[in-house]
Amino acid sequence: MCDQTFMAATFGPCDSCSKPSPLMNIYIKNEATNYCSLCVEMMACQGLQKGETLESLKRESETLKKKLEEERNKLNDVELHQVAEKVEVLSALSIKTRRVLKGHGNKVLCMDWCKDKRRMVSSSQDGKVIVWDAFTLNKEHGVPLPCTWVLACAYAPLRSLCLIMNGYLGLDNKCSVIPLSLDKNENLAAKKKSVAMHTNYVSGCSFTNSDMQLLTSSGDGTCALWDVESGQLLQSFHGHTADVLSLDLAPSETGNTFVSGGCDMKANVWDMRSGQNIQSFESHESDINCVKYYPSGDAFASASDDATCRFYDLRADREVAVYQKDSIIFGASTCDFSLSGRLLFAGYNDYTINVWDVLKGTRATILFGHENRVSRVRVSPDGTALGSASWDSTLRVSWSFSTGSNYIFRFIKLLFWVNSRLVLEFTVAF
Amino acid sequence: MTINTLAKGGCHREQMACFRKMEKVIVAMQDPDMGMKMRNQRLLITVIPHAMTGHDIITWLTHKYRISEEEALHLGNMLVKYGYIYPLKEPRCLVLRPDESPYRFQTPYFWTSTRWPASELDYAIYLAKKNIRKQGELMEYEKERYSLLHKRINHTWDFVVMQAREQLRSSKQRRKADRIVLECQEQAYWLINRPPPGVNNVLDTGLERPNNFSCRVTLVSNFIIEACRKALGRNRVKSSICLEGFLKYSEQYLNHDPIMQGCLPSNPWISDDTAHWTMNAEIVPVPTRLRVERWSFSFTELLNDAMGRKEFMTYLEKEFSAENLYFWQACEDIRHGENSKIVEKVEDVYKNFLAPGAARWVNIDSKTMDKTLEGIKRPHRFVMDDAQMHIYFLMKKDSYPRYLKSDLYKNMLAKAIVPQETKKSVFPFMRRQRHSSPSPAQTATQAAEEEGLAKGAGANSAAGSHF
């Protein structure tokens, strides 16, 4: 027993024996308490009621899970692809990559769009965070950070703050906020303000509806809500039994929930006010790398290492679609919806981006171009373009050329091109 | 190398799963009935059996998975990159060529998944063999690694050299064709497990994920039982209703989705013309028609759009119920604002909206009012939630539908512009200049200044209403 190590979330006096030691956050009868390791063991053994054994507990949880599945299936009267049969088939999508942003020296791990629909921020393993104007390909700010593996970054809603995440390797499991200013020469790194602290790497972050609160997910298995101004922890969310890799805020009327996905193959929906786990979905066969809400807030999609993306309905409380194909072998690391929610863009570890028809469950198209894993895909806030970040140290912006009049334009362009080539041939010959 | 030099742990699970799947593909390719056609390949003067061309591989993949040639090429490339198929002609270049270049399947002995992680000892033996065979003519990076290994595992060096000699001796007793094949296979294995500098390391999996807390079986089981019991009591909606909801949503927003339907006047990314963005900026004199239509989709859409909110406020002022929207905005400010200002803001809200005789008294039912007044004694971030919800639904059920039927909205809709689709320039060489836009930080500071002035004037404006 003394050899067992566990992840300590906090350090302080134990709630039961009052000795200061590394504490585990656990739930006893729905209340969060902090116990030291010895007290946890004692309590766990006492937790067995008379006549219970570990076996009986396991059996009980299995039967309950089965019962839950049955309950969920009772209201399952139709499948998504059946309902979607009356929807028009998507016309052939023509999505092309036309901008490549080069400037990072190592893998780009994360990117996010700014609300002005053209700027983006990206973070990379070379320790730099760069703010780009993707439209003009200008780099506007570059912030060097003291550690590598800057795992995530996000823009604040009011556009004046940019969030950066430090992670892994030692004490740098912090989340920092940087106010973006106009002065390009100003040393932005010096204005960095540390907000969140976890005991393990911070994997994902998101501002809530304002610049003042921050939600983070971490490798220590918890998510946490922080007040940016004071750096105080407002609420913590326990329930995952392994690293939490991703989170997303719900675009709902009440704006109180968010979903998180982790290495325990579960996707959990949480209430931000109470810290309670409202719903849980466990149907993936491997780590969930990314979760993203459907634009209406009634569903969400998840991308996982088992090479599938799945679509979960929150009101029906079940998985309603699985997006997979035999030829897709590598895990999906990221996903995002188009503005109407009809398309799901998913980036995979085989360097491609697959575009799925959410309603029909088929693949609409596939994008090539990256030369290493795609670490992040994000649709721009007004839905005009798709940004993708990859381990090949570039970011790419792609968009759709799907309107009909384009074909005439491209034909004329082709004529001109052919003409110019012929002219060139002639001049070379002479 | 990387930080992942620990033994099989978290992220190796992910890699192993991929390997298993790739191996299934490889086995299917070698199936005697449905698999690939293989032939003998000539390499200089020796004949290598069981080889296939790049073109064959791509054709087989295209047929088996019903995918395009481009995708088959990509998939085949992955198989080569991970060492399941290796090229015979240019062994150092692990790329699948869609032509007649010969390839062979890697023997399972040398599959990455079989012997992972590749041990330093094996690498040392391999380099030693190569060194002896080529009489010191190794590549630069191999020479460096060789000397590094020599320093690091010096204590086993005799063993390494002996093994190398033995393996060379036994290989000399093989037929030439077999020898070449074995050398190629071994070389391919090491190209992947110890890639030369400048080449991507395909086995790099990034951050490891070692944490797993399910060792606490009793606690976890208890937790699962609790969660299941709670979930069993949940209210669920029939699938048909939920799924129809998705269809309706996607249909409703189809015209607003630039990736599906394009946008007017043109997608700025395609035409380099930022008109679309200027027309749809936060505050414009005349909004576009699509934008105004969107306000009718849901109450949240209306409130989320700054212009929509302003219009709605104007309408409410006409109806003498503007205090509802002011109250809602103030509550949002409390919910999302700084922790330190909560007490002060709650005070303000009470004074302006809830106190008897307040300037902008809101009409909430007595139960909620009592609860809120109790809560104000110990103000926290969510103390106004119930009241805010009440007012929100009041506006949504009452004022919002009436707004949509009102002249104010109908006029707005009629006035709204429908941008003309830009005639695409026939001369593609005349590229438009892409201008940079003012930094969002600038607009934010301007907004903050304006807000400061407004606050100074005493008006109760909520943050975020000016941009």
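As the structure is a computational prediction, the values presented were derived from the model and not from experiment.

## A look at the environment of G341(A)
Next up, step 1: Inspection of the secondary structure assignment puts G341(A) in the loop between β25 (332–337) and β26 (343–348).
Next up, step 2: Considered as a pair, G341(A) and V358(A) are 17 residues apart in the sequence and their alpha carbons are 7.3 Å apart.
Next up, step 3: Beyond its immediate stretch of four places on either side in the chain, G341(A) contacts Y294(A), P295(A), V358(A) and S250(B).

## A short note on the confidence of the model for chain A
Atomic detail in the predicted coordinates should be set aside for any region of low pLDDT.
Residues and elements named next belong to chain A.
Next up, step 1: Averaged over every residue, the pLDDT of chain A is 80; the share at 70 or more is 77%.
Next up, step 2: Contacts from residues 1–8, a stretch scored under 50 in pLDDT, to residues over four places away or in other chains number 15 contacts.
Next up, step 3: For the stretch residues 167–171, pLDDT sits under 50, and the model shows 13 contacts to residues farther than four places along the chain or on other chains.

## Focus on the UniProt feature "domain: RGS" (unreviewed entry) in chain B
Next up, step 1: Under the UniProt annotation, "domain: RGS" (unreviewed entry) lies at residues 298–413 of chain B.
Next up, step 2: Counting secondary structure, residues 298–413 of chain B comes out at 75% helix and 0% strand; the distance between its end C-alpha atoms is 16 Å.

## Comments concerning unusual backbone geometry
Next up, step 1: In this structure, the amide linkage connecting L264(B) to the following residue, P265(B), adopts the cis form with an omega of -10°.
Next up, step 2: Checked against the element boundaries, P265(B) lands in the loop between α10 (258–261) and α11 (268–271).
Next up, step 3: The phi dihedral of A307(A) is positive, around 70°, even though this residue is not glycine.
Next up, step 4: Following the sequence through the fold, A307(A) ends up in the loop between β22 (299–304) and β23 (309–313).
Next up, step 5: A relative accessible area of 3% places A307(A) in the buried class.
Next up, step 6: Residues other than glycine seldom take positive phi values, yet D317(A) does so here, at roughly 60°.
Next up, step 7: With respect to the helices and strands, D317(A) occurs in the loop between β23 and β24 (318–323).

## Considerations on the packing of aromatic side chains
Next up, step 1: This model, assessed by the stated rule, comprises 42 aromatic pairs over all chains.
Next up, step 2: With centroids separated by 5.4 Å and ring planes inclined at 90°, the aromatic side chains of Y294(A) and F337(A) adopt a geometry described as edge-to-face. In this pair, Y294(A) sits in the loop between β21 (288–293) and β22 while F337(A) sits in strand β25, placing the two residues 43 residues apart along the sequence. Here Y294(A) matches F337(A) in class, with each residue buried.
Next up, step 3: Each residue in the set F299(B), F312(B), Y315(B), W328(B), Y392(B), F393(B), Y400(B), Y403(B) and Y409(B) is aromatic and connected to the rest through ring pairs, giving one cluster.
Next up, step 4: One cation-aromatic arrangement involves K107(A) over W391(A); the distance from NZ or CZ to the ring centre is 4.5 Å.
Next up, step 5: The ring centre of F382(B) lies 5.6 Å from the NZ or CZ of R273(A), which sits over that ring.

## A look at the UniProt feature "repeat: WD" (unreviewed entry) in chain A
Residue and element names in this part refer to chain A.
Next up, step 1: Here, the residues flagged by UniProt with the feature "repeat: WD" (unreviewed entry) are residues 101–133, 195–236, 237–280, 281–322 and 367–397.
Next up, step 2: With 0% helix and 52% strand, the stretch residues 237–280 has end C-alpha atoms that lie 13 Å from each other.
Next up, step 3: End C-alpha to end C-alpha, residues 281–322 measures 13 Å, and it is 0% helix and 55% strand.

## What about the sheet that holds strand β16 (residues 233–238) of chain A?
Residues and elements named next belong to chain A.
Next up, step 1: With antiparallel pairing, four strands are arranged side by side in an open sheet as β13-β14-β15-β16. Two strands close off the open sheet at either side, each with one partner strand: β13 (202–207) and β16. Averaged over all adjacent pairs, the angle separating strand axes in this sheet is 20°, with direction ignored.
Next up, step 2: With five bridges connecting them, strand β15 (residues 222–227) and β16 associate as antiparallel partners. Bridge pairing in β16 places W226 opposite L233.

## Quick look at the packing of helix α18 (residues 366–376) of chain B against helix α19 (residues 385–405) of chain B
Residues and elements named next belong to chain B.
Next up, step 1: For the pair α18 and α19, the least separation of the axes is 8 Å and the interaxial angle reads 150°. Judged by the angle between their axes, α18 and α19 are roughly antiparallel. Residues T368, K371 and T372 of α18 form the contact with α19, whose participating residues are D386, A387 and H390.
Next up, step 2: For the contact of α18 with α19, the class distribution of residues is one nonpolar, three polar and two charged.

Cut-offs applied
Residues numbered from 1 in each chain as written. Chains lettered and ligands numbered in written order. Predicted model: local features only at pLDDT ≥ 70, side-chain atom pairs only at ≥ 80, totals over all residues. Heavy atoms only, no water. Helix = DSSP H or I, 4+ residues; strand = E, 2+ residues; numbered from the N terminus. Contact = heavy atoms within 4.5 Å. pLDDT = per-residue confidence, 0-100. UniProt positions renumbered as here; feature names shortened; annotations may be inferred. Buried < 20%, exposed > 50% of the residue type's maximum accessible area, 1.4 Å probe, protein only. Phe/Tyr/Trp six-rings, centres within 6.5 Å; stacked < 30°, edge-to-face > 60°. Lys NZ or Arg CZ within 6 Å of the ring centre and 35° of its normal. Pairing = 2+ DSSP bridges. Axes fitted to C-alpha atoms, helices over the stretch in contact; angles between N-to-C directions. Parallel < 35°, antiparallel > 145°, perpendicular 65-115°, else oblique. Nonpolar A, V, L, I, M, F, W, Y, C, P; charged D, E, K, R; others polar.

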